[in-house]
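Breakdown of the fold
As a plain string of letters, each chain reads:
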Amino acid sequence: MIREISIQNIALIDELTISFDSGFNVLTGETGAGKSIIIDAVNLALGERADRELIKTGKDYARVEILFDLGKNQERINRILSDYGISPEEDGCLLLMRELNNQGRNLCKVNGRLVTLSMLRGISRHLVDVHGQHQHQSLLNPESHIEFLDRLGAKDVKEIKNELAQTWSSWQKIKKEIDKIKELNRDSERRKDILRYQIDEITKAELKPSEEEIIQKERAILYNAERIANIINNAYKALYTGETQIPSVLDSLAEIVSTLYDIQGFDEELDVIINRLESFQFDLEDAVRELRAYRDRFEYDPTRLASLDARLDTILTMKRKYGETIEDILKLRDEMESELDMLENSQERLKTLEEEYAKMYKIILQKCRNLSAIRRKWAKFLEKRLTEELNDLNMSKTVFKVSISNPDKAMAEEIPIQGITANGYDKVEFLISPNPGEPLKPLAKIISGGEMSRLMLAFKNIIGDLDEIPTMIFDEIDVGISGRTAQKTAEKIGSISRNKQVICVTHLPQIAAMADCHFVIEKVISEKHTRTLVTRLNLEDRKAEIARMIGGSSLTQLSLDHAGELIEAALSFKKA
């Protein structure tokens, strides 16, 4: 649930913090006081489309933060956070933040971590469901109707949908392989000739992993053979043989060590130095022997160099044609061999796949029929329950129908490429006739705003317990209703708030009286500045506010008594 909302620099709001309770929270106030501004701020934090006009005049940015207490939803929300790589808080809270500046740039954070706008939306849609008089897209969109019906069916639908989705996925993989074989077979002989030639060319090259690096190293030595030989000879001469009247380094070092032996034993520190020089003499003798051995076996072989150049040219040719590295070329050869094998056995494989495809199609078709039968059962249930709910909301003459159509007959004769999805083959659309004598028509085409508000409430009351979203926000969905219908609407919202947190902006006293927590929103003008203030009301203040909603700006004892009666009636309803 939403624990707290913090708003900065939005419309008439400088800085505002509202702490909500669980259950039913209501926001009331005069028209233009800024009630819907608060809902706009919430929508901003949830990732909805942002309008720079929201930013308060004279300010550079607008910021909204919403603190959630995840409660029993903590485990489910933490899994969603984990999918986005966001660490959950140990206290079970979640903080969403969004900032919008004058350049239209967004800054979004979840638990203090920067996220993209799409990530913010992906998380927030599991936390809050916002409904306003213009926000019934889900009901107005026929493509979403099947999801409403499936959510109502819950476990009955979920189990068979999961089975169907898995089978359908395997079925599609077979279809892709069939299409691939058919595509290859259209020019298979030419393709097989090409593959055989390329495989043969790579095989004859006898490429070996890391071969190129070894050749490059040896080639570099041979290309510099003369220089290497000269330097080795000079080094050996200087170290071992020396020049005329110039002793070798080894002879000089031997003489130095011999001379130092004459003073050995006088000083321990000096003895250490002498021993080190003696050890160095032995090491130098070993190094000279190894240098001589290397010199004796080192030779320049122009034939070997030419052979290396030719081999390197072969490797480079293969790389230009088949891959960036020898490993890539060898991997490609394996893939071509697999493709060639498939082509040479394609007809037999194609026949096997098509038989498997047809067999699986029958299984899928039966699962689609089973799923459709379950949906039709729940459609009847929905029609009955929704009619009852609408009767309570003063729409007793309304006829509601769930239309389910599918291409089953057309598909019975042959295997279709289109028509079946992982969700089955049903097309679901809600039809309605609000007035007697009118034919059933698609919901989106004929229903009014007030009727839509009541219809949406009826839906939410039916599937509310199945919906995992913990918070619902209603923004003036009471437009166009009054009297007994208003009271029934209040009771429906009150029923929803038994299992969810509800935040509602309303003009109806019946709805305000049903609230567990009541806030009044006021527009205050001071020192030529206009601000929006939000105040949490106690019981007496609630009576006064509801009395204002009943009778207008002037309070009378009659309106106060009426307000008290509404509150008492609401308490009795909630206790019952």
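First, a word on scope: everything that follows refers to the structure included in this document. All of these numbers come straight from a predicted model, not from anything done at the bench.

Looking at the overall build of the protein
Helix and strand counts for the protein come out as 20 helices and 15 strands. On C-alpha atoms alone, the protein measures out to a radius of gyration of 42 Å, which is more than a quarter above the 25 Å that the 2.2 N^0.38 rule sets for 576 residues. Along the first, second and third principal axes, the C-alpha set of the protein runs to 130 × 80 × 40 Å. Scored against the burial criterion, the 576 residues of the protein give a buried share of 44%. By sequence separation, contacts in the protein at least 24 residues apart represent 74% of the contacts at least 6 residues apart. Within the structure as shown, the protein displays about 31,900 Å² of accessible surface, and the carbon and sulfur contribution to it stands at 49%. Mean positive and mean negative side-chain charge positions of the protein (82 and 97 charges, respectively) differ by 9 Å.

Examining the environment of glutamine 510
If you trace the backbone, glutamine 510 turns up in helix H18 (residues 509-513). Considered as a pair, glutamine 510 and leucine 566 are 56 residues apart in the sequence and their alpha carbons are 6.5 Å apart. Not counting residues within four places of it along the chain, the set of residues in contact with glutamine 510 comprises Gly483, Ala486, Gln487, Ala490 and Leu566.

What to know about the state of the cysteines
By the definition in use, this model includes zero disulfides. Free of any disulfide, cysteine 517 has its nearest neighbouring cysteine sulfur in cysteine 504, separated by 13 Å.

Comments concerning the pairing of strand S4 (residues 61-69)
Side chains Ala62, Val64, Ile66 and Phe68 of S4 all project onto a buried face; the interleaved residues Tyr61, Arg63, Glu65, Leu67 and Asp69 project onto a face where none is buried. Judged from the six bridges that link them, strand S1 (residues 2-10) and S4 form a sheet pairing that is antiparallel. Across the sheet, the residue bridging to isoleucine 5 is isoleucine 66, located in S4. One ladder, built from nine bridges, connects S4 with strand S5 (residues 93-101); its direction is antiparallel. Along S5, the bridge assignment pairs glutamate 65 with methionine 97.

Considering the packing of aromatic side chains
Across all of its chains, the model carries nine aromatic pairs by this definition. Judged by centre distance (4.9 Å) and plane angle (10 degrees), the ring pair of tryptophan 171 and tyrosine 357 falls under stacked. Pair noted here: tryptophan 171 is in helix H5 (residues 145-185) and tyrosine 357 is in helix H13 (residues 346-392), with a separation of 186 residues, a long-range link. In terms of burial, tryptophan 171 and tyrosine 357 fall into one category: buried. Both rings, one in phenylalanine 400 and one in phenylalanine 430, keep their centres 5.4 Å apart while their planes meet at 55 degrees; by these two values the pair is tilted. One end of the pair, phenylalanine 400, is in strand S9 (residues 399-405); the other, phenylalanine 430, is in strand S10 (residues 427-433), with 30 residues separating them in the sequence. Accessibility classification places phenylalanine 400 together with phenylalanine 430 in one group, the buried group. An aromatic cluster is present here, built from Phe148, Phe400, Phe430 and Phe459 joined pairwise through their rings. The ring centre of phenylalanine 148 lies 5.7 Å from the NZ or CZ of arginine 151, which sits over that ring.

Comments concerning helix H19 (residues 539-551)
Along its 13 residues, H19 runs 18 Å from first to last C-alpha, staying within 8% of the 18 Å computed at 1.5 Å per residue. When H19 is considered as a whole, its buried residues turn out to be Arg542, Glu545, Ile546, Ala547, Arg548 and Met549. In this structure, the buried residues of H19 make contact with strand S3 (24-29), H18, strand S14 (517-526) and helix H20 (557-575). Of the residues one or two after H19, glycine 552 is the one with positive phi, at around 95 degrees.

Comments concerning the packing of helix H7 (residues 211-223) against helix H11 (residues 302-322)
Between H7 and H11, the least distance of the axes is 10 Å, while the angle of their chain directions is 145 degrees. Two packed elements cross with a definite hand, and for H7 against H11 that hand is left-handed. Taken together, the residues of H11 that come into contact with H7 (itself represented by Glu211, Glu212, Ile215, Gln216, Glu218, Arg219, Leu222 and Tyr223) are Arg304, Leu305, Leu308, Asp309, Arg311, Leu312, Ile315, Leu316 and Lys319. Partitioning the contact of H7 with H11 into residue classes produces eight nonpolar, one polar and eight charged.

Re the side chain of threonine 28
Locating threonine 28 in the fold gives a position in strand S3. A residue is classified by how much of its surface remains accessible, and threonine 28, at 0% relative accessible area, is buried. Of note is the side chain of threonine 28, whose polar atom sits 2.8 Å from the side chain of histidine 518. The contacts of threonine 28, once residues within four sequence positions are left out, are Lys35, Thr506, Ala512, His518, Phe519, Val520, Ile521, Glu545 and Met549.

Quick notes on the sheet that holds strand S11 (residues 441-442)
One open sheet holds the three strands; their spatial order is S9-S10-S11, and the pairing between them is antiparallel. With one partner strand each, in any of the chains shown, S9 and S11 form the two edges of the open sheet. Sheet topology note: the S9/S10 ladder contains seven bridges and is antiparallel. Among the inter-strand pairings, valine 402 is bridged to a residue of S10, identified as phenylalanine 430. Of the strands in this sheet, S9 and S10 touch H5, which is tilted by about 95 degrees from S10. Of the strands in this sheet, S9 and S10 touch H13, which is tilted by about 170 degrees from S9.

Regarding the sheet that holds strand S7 (residues 113-115)
Read across the sheet, six strands follow the order S2-S1-S4-S5-S6-S7 without closing on themselves; strand pairing throughout is antiparallel. The strands lining the two open edges of the sheet, one partner per strand, are strand S2 (13-19) and S7. Neighbour-to-neighbour, the strand axes of the sheet open up by a mean angle of 15 degrees, direction not taken into account. Packed on one face of the sheet, helix H1 (residues 35-45) meets S1, S2, S4 and S5 and runs near 100 degrees to S1. Relative to S5, helix H3 (residues 117-124) is tilted by about 140 degrees, and along the sheet it contacts S5, strand S6 (106-110) and S7.

Some words on the side chain of threonine 471
With respect to the secondary-structure elements, threonine 471 resides in strand S12 (residues 471-475). Judged by relative accessible area, threonine 471 falls into the buried class, the value being 0%. Beyond its immediate stretch of four places on either side in the chain, threonine 471 contacts Met1, Ile2, Leu127, Val128, Asp129, Gln501 and Ile503.

Notes on the pattern of salt bridges
Close approach of charged atoms allows side chains with opposite charge to pair. Per the stated rule, a full pass over the model turns up 33 salt bridges. Aspartate 179 is the partner of lysine 175 in a salt bridge, and the nearest nitrogen-oxygen pair spans 2.9 Å. Placement of the pair is lysine 175 and aspartate 179 together in helix H5, with a separation of four residues, close to one helical turn. Residue lysine 175 is classed as buried on the basis of its relative accessible area of 15%.

Rules and cut-offs
Residues numbered from 1 in each chain as written. Predicted model: local features only at pLDDT ≥ 70, side-chain atom pairs only at ≥ 80, totals over all residues. Heavy atoms only, no water. Helix = DSSP H or I, 4+ residues; strand = E, 2+ residues; numbered from the N terminus. Rg over C-alpha atoms; globule rule 2.2 N^0.38 Å. Buried < 20%, exposed > 50% of the residue type's maximum accessible area, 1.4 Å probe, protein only. Contact = heavy atoms within 4.5 Å. Areas by Shrake-Rupley, 256 points an atom, 1.4 Å probe, with all protein chains shown as cover. Lys, Arg positive; Asp, Glu negative; His and termini not counted. Charge placed at Lys NZ, Arg CZ, Asp CG, Glu CD. Disulfide = S-S within 2.5 Å. Pairing = 2+ DSSP bridges. Phe/Tyr/Trp six-rings, centres within 6.5 Å; stacked < 30°, edge-to-face > 60°. Lys NZ or Arg CZ within 6 Å of the ring centre and 35° of its normal. Expected span 1.5 Å × (residues − 1). Axes fitted to C-alpha atoms, helices over the stretch in contact; angles between N-to-C directions. Left-handed = near helix turned anticlockwise from the far one by under 90°. Nonpolar A, V, L, I, M, F, W, Y, C, P; charged D, E, K, R; others polar. Polar contact = N/O pair within 3.5 Å; in protein donor to acceptor, adjacent residues only side chain to side chain. Salt bridge = Lys/Arg side-chain N within 4 Å of Asp/Glu carboxyl O.

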